[in-house]
Amino acid sequence: MTTDTAPRGAALERPSQPRTLGSSQLAWRRLRRNPLSMLGLAIIVAFVLTALLAPVIAPPKEGARDPYMMPHEGYSPDPQPPRPGHPLGTTEQAFDIFYGLVWGARTAFRVGLVVVATAVTIGIVLGGISGYYGGRLDETLMRIVDVFLAFPGLILAVVVVAILGPGLERVMIALALVSWPGYARLLRGEVLSIRERDFVEAAKALGASDPKIIARHVLPNSIYPVLVVSTLDMGSIVVYAAALSFLGLGAPVGYSDWGQIVSLSRSWILGSAGNALQYWYTVVFPGAALFLFTLGWNLLGDAFRDILDPRLRGST
Amino acid sequence: MTAFVLRRLLLLPFVALGVTLLIFGLLQMLSPQMRAALYVTDPRQLRAIDDIIRTHGLDEPFHKQYVGWLGRVVRGDLGWSETAKMPVAKAIRTFFPATLELTLFAVMPIIIIGIWLGTVSAVNRDRVIDHLSRFFSISGTSMPTFVWGLLLLMAFYGAWQLFPPGRLSLEPSMYVLSPKFRSYTGLVTVDSLLNGQIWIFVDALRHLALPVTTLSLVSCATLVRVTRSSMLETLRQDYVRTARAKGLESTVVVNKHARKNAMIPVVTLSALLFVGLLNGVAITETVYGYPGIGLWGVTAAIQLDAAAVAGFALFNALLLVLGNLTADVLYAVIDPRIRLR
């Protein structure tokens, strides 16, 4: 019996197989055709390389206890402009901006990946269960989702971090708590339509177990929108985290975190008499890092959305 | 349509209950001493914290405390905000008009630029102008609110002294606080006109310019994107082709035939825009020192002003839920296909 169903089950999955392959080829072709999408891809690749090669690009000082803490020489209260040894200048308290930006790329990926992965996992599990089983369970879970979505995300994150206390780990917890409901609702909607399809019916008739149907038939066909949103979220989550750091609720002073570096510039916006833009480098460089990182993910996510939007598919 | 709206209204109490449960649950992580401010309306009472803890049972089980607190919230008694030096409910009433004014001014450019750019983008799909408009809007959202804020301040205030931070300059704000000035709405721009004080109106506009620009830059992109994809879909419809075939001008087809139908998803997504604005306002107000509800909430969060944080969160949730409801109702009003369902 088991030997009999195995090949049939495999045959059932085959229809979804070429579709995934075909659309990923189509995706790559469409991605390559759009210069903006390629720009996004290039930016992200550059940031990945920066993060991976951080110890080479900006080697930590010998004997530094935590490579993520920006090195500083003395405690000079004024920011100092770019000069040899400090290519992008130093912030107040003499933190090296270049070092902070390079290691900040690691922080950004860590925050983005941890938060998005956590939120997506919770969202997939709860959204999948909710959509597949429906009924009272679905109703309960969706009301919980409603409650979380009743708050503007950043506001709820601010409140959670205020109560948990500041720190990068707490920021990640808060952001994961804020972002999972969106994924749960998104996936539930997709699952609702997929579970009515014939191939799910067929798998059921063949006696496949619920977890197997969800994992092998329902999820692979309903996951695309989640992928699009998670790509876009990689950028926006990092901006949210940076905003919390900017407000003084995130990374501690001196930590290689782009938002934290921007917050060090807050008292230096006005410059001095006759030289209003004296401290431009304290905002422009970390701001540019944040901007490019988010821009990369947004361009990429936008491209995915265009590729995967079924209403627009095939219209090119 | 009535059934549709009724169903939405029936869900409201559940969401409201859940919202209060979530907030109160989070507050439980704080010590009873820190939560005491939720139960007083006069700072002098805070000297006897142990009494407050005893009378309100702050070390009792969760459900007992929750019921007691919920009763106070329903009566509009949200406790004392140490950051604002006034009761939380009064703080919300004081700071909200400033935020409302900022949001109202920001909504106009966002909608006009967003819909216009989205249409232009869709009509010229995959041409240079489409790429440019998408790049512009994506850049706008990709730049964090606070970076925009600091850069604009550096240029327009630091370098050119054009647009100062805050809500009013010293002289106008003295005048506004004096008995000569009557406050009708709490919106300085409106009140100054009603009082016939053009110079205060101009001063208020100068202060609004940068925060409004920041919010527009950050929030425009969503609208551009939705308008664009919605227009793309509508432009492929048969009736649009018919309109073209019978020889109508391209602009008439786009503006009269296509855009009206393309606006339907845009209206629903205006709720999303609203969320973006509420988020953006908190940061924008902090950067510009604009004395609205966002600045107060963020300051309270940093200083761990428990009552203010709870009130701020509840108020934002209330705004968002009402905003979503309005969007749903609007959707039903605009689109007959929804109404008939």
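Values in this document were obtained by computation on a predicted structure and should not be read as measured data.

Calculation criteria
- The numbers attached to residues start from 1 for each chain and follow its sequence in the written order.
- Each chain gets a letter, beginning with A, and each ligand a number, beginning with 1, in the order they are written.
- Under the rules for a predicted model, residues below a pLDDT of 70 receive no local features and side-chain atom pairs below 80 are neither given nor counted, while totals for whole chains, interfaces and linings still include all residues.
- Runs of H or I in DSSP of at least four residues are treated as helices and runs of E of at least two as strands, each being numbered from the N terminus.
- With C-beta atoms placed from the backbone, a residue counts as buried when 20 or more other C-beta atoms lie within 10 Å of its own, as exposed when 12 or fewer do, and as partly exposed for counts between those limits.
- Here, residue contact means that the backbone-derived C-beta atoms of the two residues sit within 7 Å.
- Note that Gly is not counted as nonpolar here; it falls among the polar residues with everything else outside the nonpolar set of Ala, Val, Leu, Ile, Met, Phe, Trp, Tyr, Cys and Pro and the charged set of Asp, Glu, Lys and Arg.
- What we call a nonpolar core is a set of buried Ala, Val, Leu, Ile, Met, Phe, Trp, Tyr and Cys residues whose membership is set by joining through C-beta atoms within 7 Å.
- pLDDT is defined as a per-residue confidence score from the predictor, taking values between 0 and 100.
- In this description, a line fitted to the C-alpha atoms serves as the axis of each element, helices being fitted only across the stretch in contact, and the angle between N-to-C directions of two axes falls anywhere from 0 to 180 degrees.
- Handedness of a crossing is defined here by the sense of rotation of the near helix relative to the far one, left-handed for an anticlockwise turn of less than a right angle and right-handed for a clockwise turn.

(A) Up close: the overall build of chain A. When you go through chain A residue by residue, the secondary structure sums to 13 helices and 0 strands. Expressed as a percentage of its 316 residues, the buried residues of chain A come to 47%. In chain A, of all internal contacts separated by at least 6 residues, the share reaching a separation of at least 24 is 70%.

(B) Representation of unusual backbone geometry. Here Ala94(A), not a glycine, exhibits a phi torsion of approximately 60 degrees, which is positive. Tracing the sequence through the fold places Ala94(A) in the loop between α4 (54–57) and α5 (97–133). The phi torsion at Gln161(B) lies on the positive side, around 55 degrees, for a residue other than glycine. On the secondary structure map, Gln161(B) appears in the loop between α7 (145–159) and α8 (170–177). When the 9 C-beta atoms within 10 Å are taken as the criterion, Gln161(B) is described as exposed.

(C) Main features of the interface of chain A and chain B. On the chain B side, the residues contacting the 47 residues of chain A number 47 residues. Taken together, the elements giving at least two residues each to the side of chain A that touches chain B come down to α3 (35–52), α6 (135–149), α7 (153–164), α11 (224–246) and α13 (280–308) of chain A. Here the side of chain A that touches chain B is built from residues that sort into 33 nonpolar, 9 polar and 5 charged.

(D) Expanded view of the environment of Leu150(B). If you trace the backbone, Leu150(B) turns up in helix α7. Considered as a pair, Leu150(B) and Val287(B) are 137 residues apart in the sequence and their alpha carbons are 7.0 Å apart. In this view, Leu150(B) contacts Ser265(A), Ile269(A), Val283(A) and Val287(B); residues no more than four positions away in its chain are not counted.

(E) Quick look at the nonpolar core. Core analysis: the biggest nonpolar cluster contains 179 residues, and Ala157(A), Val158(A), Val159(A), Leu175(A) and Ala313(B) have the highest contact counts within it. When near neighbours in sequence (up to four residues on either side) are disregarded, Val159(A) contacts Leu26(B), Ala301(B), Val309(B) and Ala313(B). Ranked by size, the runner-up nonpolar core spans 9 residues in total, among them Met231(B), Leu232(B), Ala258(B) and Ala262(B).

(F) How the structure looks around the confidence of the model for chain A. Residue and element names in this part refer to chain A. Of the residues in chain A, 90% reach a pLDDT of 70 or more, and the chain-wide mean stands at 84. Mean pLDDT across the elements of chain A ranges from a minimum in helix α1 (residues 2–13), with 42, to a maximum in α5, with 94. Across residues 1–21, confidence stays below pLDDT 50; counting only partners more than four residues off in sequence or on other chains, it has 12 contacts.

(G) Up close: the packing of α5(A) against helix α8 (residues 168–194) of chain A. Residues and elements named next belong to chain A. Close contact between α5 and α8 brings their axes to 6 Å; oriented N to C, the two are set at 35 degrees. Considering only the axes of α5 and α8, their crossing is right-handed. Grouping the amino acids of the contact of α5 with α8 by side-chain chemistry returns 19 nonpolar, 7 polar and 2 charged.

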